[in-house]
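Chain by chain, the residues:
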Amino acid sequence: AQSVTQLDSQVPVFEEAPVELRCNYSSSVSVYLFWYVQYPNQGLQLLLKYLSGSTLVESINGFEAEFNKSQTSFHLRKPSVHISDTAEYFCAVRPSGGYQKVTFGIGTKLQVIP
Amino acid sequence: DSGVTQTPKHLITATGQRVTLRCSPRSGDLSVYWYQQSLDQGLQFLIQYYNGEERAKGNILERFSAQQFPDLHSELNLSSLELGDSALYFCASSAGTATYEQYFGPGTRLTVT
């Protein structure tokens, strides 16, 4: 079984400041890792994913996440946030072999302050 | 717009009642997943169907059941409702059973009074 820990339930940050949303996972097998974003009153959308290869993955809207196997982490970062980034962010994990269910973290609410 | 539709958007009902939530996956997707999102439990996986068959089960209560029909739409039935069942219920779909990305619908907000 795997688990995901998102260390911060809420992160307030000023507009144009950098942000890091932390995610740690636990698994006895190799995993795929995901970040999903949920804007107010909407469903979740995939932001980025790590499957294999380069440990640094990027999204189209400036977010990036780095897979760190030794620290079992997959932190999400953005060098300069915008008001439109205000949303809830979910880290998720699933084993890489065959089908297994995706386990989501409890979510981190990013509040961008003008 | 993810292409996944869910009805109704909101549902208010009383304890002890039964409700049915409906989900239509993206065109061509064979897998449907149901999740429950509450403030205290976060996003919990309930159940997955693939092409009409149950494929994986999560933290789904015995009072809850689901099915996927030949046209691939899915229904989640919640019975003997309790106050604690109040939550957002999301449906997601994906192309196969082992594909990486799930596309989420807008959710159904269930309020049990």
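Our subject is the structure that appears above.
Residues numbered from 1 in each chain as written. Chains lettered and ligands numbered in written order. Predicted model: local features only at pLDDT ≥ 70, side-chain atom pairs only at ≥ 80, totals over all residues. Heavy atoms only, no water.

**Things to note about the sheet that holds strand β7 (residues 64-68) of chain B**
All names here are of chain B.
Stage number 1. Strand order in the open sheet formed by four strands is β1-β3-β8-β7, and the pairing between neighbours is antiparallel. Where the open sheet ends on each side, the last strands, each with one partner, are β1 (5-7) and β7. Within this sheet the neighbouring strands show an average axis-to-axis angle of 15 degrees, counted without direction. (Pairing = 2+ DSSP bridges. Helix = DSSP H or I, 4+ residues; strand = E, 2+ residues; numbered from the N terminus. Axes fitted to C-alpha atoms, helices over the stretch in contact; angles between N-to-C directions.)

**A word on the packing of aromatic side chains**
Stage number 1. On inspection of all chains with the given rule, the structure shows twelve aromatic pairs over all chains.
Stage number 2. Here A:Phe34 and A:Tyr36 contribute two aromatic rings whose centre-to-centre distance is 6.4 Å and whose plane-to-plane angle is 40 degrees, an arrangement assigned as tilted. Here A:Phe34 and A:Tyr36 have matching classes, each one buried.
Stage number 3. Centroid distance A:Phe104 to B:Phe104: 6.1 Å. Interplanar angle 85 degrees. Geometry classified as edge-to-face. Placement of A:Phe104 in strand β11 (residues 103-104) and of B:Phe104 in strand β10 (residues 103-104) is noted, with the two residues assigned to different chains.
Stage number 4. Accessibility expressed as a relative area gives 9% for A:Phe104, which makes it buried.
Stage number 5. The ring of B:Tyr103 has B:Arg26 sitting right over it, with the charged end atom 3.6 Å from the ring centre. (Phe/Tyr/Trp six-rings, centres within 6.5 Å; stacked < 30°, edge-to-face > 60°. Buried < 20%, exposed > 50% of the residue type's maximum accessible area, 1.4 Å probe, protein only. Lys NZ or Arg CZ within 6 Å of the ring centre and 35° of its normal.)

**So, the state of the cysteines**
Residue and element names in this part refer to chain A.
Stage number 1. Summed over all chains, the structure comprises two disulfides over all chains.
Stage number 2. There is a disulfide in this structure between cysteine 23 and cysteine 91, and the S-S distance comes to 1.9 Å. Between cysteine 23 and cysteine 91, the S-S torsion sits near -65 degrees, and that sign places the bridge as left-handed. Here cysteine 23, found in the loop between β3 (19-21) and β4 (24-26), pairs with cysteine 91, found in strand β10 (residues 87-95); they are 68 residues apart in sequence, far enough to count as distant.
Stage number 3. A relative accessible area of 0% means that cysteine 91 is categorised as buried. (Disulfide = S-S within 2.5 Å.)

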